[in-house]
Amino acid sequence: MKRHIPNFITLLNVFCGCVATVFAVLNQLELAAVFVCLGILFDFFDGLAARVLDVRSELGLQLDSLADVITSGVVPGIVMFQLLGMSMSGGWNVDMSAQASDATFWVGLKVAPLPFFGFLITMASAYRLAKFNIDANQTSSFIGLPTPANTLLIISLPLILIYQNNDLLNGIILNQWFLIAMTILSAVLLNSNIKLFALKFKNWNFQDNALRYIFIIISLVLLVTFRFLAVPIIIAFYIVSSVISKYSNG
């Protein structure tokens, strides 16, 4: 019976991803973010449960990636779709036909093509997850930005708009070129060759996990200080500290 526990937790990730997808399509991005975070939490605990119960399996590995395709692939793509739509309409209520020019048609319907560019994130996420499943070198570290981290980066953008409510930040986030650049950067980071440390503790010794402890402490301080704006800063710090650690260790 215990061998099914991690897979059940993974299926809870699938469920959260499906609910987040619905809310993202409805442009209720706050609720989408809540269920994405729950899904990522289940994604963490399914692996933890598998290690504790010693029931890791090939089925669990494949199921985990399939769940991540939804929660950390489809959802951030839809969120970017909505943000690109907002950048064209200037608000939360996206009217696709109103955004399209009279000369733009797709299957007989007026539609603005730009928001669909956001699904580059979904494609890049699916490609990364497929590579991860056949790569034996990502057990203690990651090569490229993990899909959950990338998803947190993307879903932080609408939360910054809502809760930070700063004219300068709003102007940047709702700029089409910024969103296009973020989409491309996201796809590149997901499939880059940058080696990033994993937040997996084999023991609680500070000397063996100094970088992890420092990262967690600094991240908590940033979250308290900058709230949702801290998320992009933390992701940048994660990448920079990983690169510095790699070169300092030779």
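Our subject is the structure listed above.
Okay, so let's go over this structure. On a predicted model such as this, the values are computed, not experimentally measured, just so you know.

## Considering the overall build of the protein
Inference 1: Of the regular secondary structure elements, the protein holds 10 helices and four strands.
Inference 2: Order of helices (α) and strands (β) in the protein, N terminus to C terminus: α-α-α-α-β-β-α-β-α-α-α-β-α-α.
Inference 3: Per-residue burial for the protein yields a buried fraction of 44% across its 250 residues.
Inference 4: Here the contacts in the protein between residues at least 6 apart in sequence split such that 72% fall between residues at least 24 apart.
Inference 5: On the protein, roughly 13,400 Å² of surface is accessible, and the fraction owed to carbon and sulfur atoms is 69%.

## A few points about the nonpolar core
Inference 1: Membership of the largest hydrophobic core comes to 43 residues, with the highest contact counts inside it found for Val-79, Met-80, Leu-83, Leu-145, Leu-157, Ile-235 and Tyr-238.
Inference 2: Where this core is concerned, the elements lending two or more residues are α1 (5–25), α2 (29–53), α3 (58–89), α6 (147–163), α8 (176–190), β4 (195–197), α9 (210–226) and α10 (230–248).
Inference 3: Looking at which element gives the most residues to this core, the answer is α6, with eight residues.

## A short note on the environment of Gly-144
Inference 1: Looking at where Gly-144 falls in the secondary structure, it is placed in the loop between β3 (141–143) and α6.
Inference 2: Residue classification places Gly-144 among the buried positions, given a relative accessible area of 0%.
Inference 3: Here the alpha-carbon distance between Gly-144 and Arg-128, two residues 16 residues apart in the chain, equals 8.3 Å.
Inference 4: When sequence neighbours within four positions are dropped, the list of residues in contact with Gly-144 reads Arg-128, Leu-189, Leu-190, Ser-192, Ile-194 and Leu-196.

## Some thoughts on the side chain of Thr-151
Inference 1: Here Thr-151 shows up in helix α6.
Inference 2: Among the polar contacts made by the side chain of Thr-151, one reaches the main-chain carbonyl oxygen of Ser-72 at a distance of 3.3 Å.
Inference 3: Leave out the neighbours within four places in its chain, and Thr-151 touches Val-36, Thr-71, Ser-72 and Pro-76.

## Examining the side chain of Ser-65
Inference 1: By the element assignment, Ser-65 lies in helix α3.
Inference 2: Judged by its relative accessible area of 6%, Ser-65 falls in the buried class.
Inference 3: A distance of 2.6 Å separates the side chain of Ser-65 from the side chain of Asn-133, its partner in a polar contact.

## Some details on helix α5 (residues 120–133)
Inference 1: The terminal C-alpha atoms of α5 lie 20 Å apart, and with 14 residues this matches the ideal 20 Å at 1.5 Å per residue to within 8%.
Inference 2: Of all the positions in α5, only Ile-121, Thr-122, Ala-124, Ser-125, Arg-128, Leu-129 and Asn-133 are classed as buried.
Inference 3: Buried-residue contacts for α5 involve α3, β3, α6 and α8.

## Structural notes on a nonpolar patch on the surface
Inference 1: Taken together, Leu-31, Val-34, Leu-38, Leu-41, Phe-44, Phe-45, Leu-48 and Val-52 make up a surface patch of nonpolar side chains, about 680 Å² in accessible area.
Inference 2: Along the polypeptide, Phe-45 turns up in helix α2.
Inference 3: Take Phe-45: its relative accessible area is 37%, and that puts it in the partly exposed class.

## Remarks on α2
Since the α-helix packs 3.6 residues into each turn, any two residues three or four apart lie on the same face.
Inference 1: The first and last C-alpha atoms of α2 sit 36 Å apart over 25 residues, in line with the 36 Å expected at 1.5 Å per residue.
Inference 2: Among all positions in α2, only Leu-29, Ala-32, Ala-33, Val-36, Gly-39, Ile-40, Asp-43, Asp-46, Ala-49 and Ala-50 are buried.
Inference 3: Buried residues belonging to α2 abut α1, α3 and α6.

## A short note on the packing of aromatic side chains
Inference 1: For the structure shown, the criterion picks out 11 aromatic pairs.
Inference 2: Ring geometry for Phe-116 versus Phe-119: centroids 6.4 Å apart, planes at 35°, classification tilted.
Inference 3: Between the aromatic rings of Phe-215 and Tyr-238, the centroid separation amounts to 5.5 Å while the plane-to-plane angle is 50°, which identifies the pairing as tilted. With Phe-215 in helix α9 and Tyr-238 in helix α10, this residue pair connects regions lying 23 residues apart in the sequence. Both residues of the pair, Phe-215 and Tyr-238, count as buried.
Inference 4: An aromatic cluster is built from Phe-197, Phe-215, Phe-237 and Tyr-238, whose rings are joined through pairwise contacts.

What counts, and at which threshold
Residues numbered from 1 in each chain as written. Predicted model: local features only at pLDDT ≥ 70, side-chain atom pairs only at ≥ 80, totals over all residues. Heavy atoms only, no water. Helix = DSSP H or I, 4+ residues; strand = E, 2+ residues; numbered from the N terminus. Buried < 20%, exposed > 50% of the residue type's maximum accessible area, 1.4 Å probe, protein only. Contact = heavy atoms within 4.5 Å. Areas by Shrake-Rupley, 256 points an atom, 1.4 Å probe, with all protein chains shown as cover. Core = buried A, V, L, I, M, F, W, Y, C linked by side-chain atoms within 4.5 Å. Polar contact = N/O pair within 3.5 Å; in protein donor to acceptor, adjacent residues only side chain to side chain. Expected span 1.5 Å × (residues − 1). Patch = residues over 30% accessible without salt bridge, like charges linked within 9 Å, V, L, I, M, F, W, Y side chains within 5 Å. Salt bridge = Lys/Arg side-chain N within 4 Å of Asp/Glu carboxyl O. Phe/Tyr/Trp six-rings, centres within 6.5 Å; stacked < 30°, edge-to-face > 60°.

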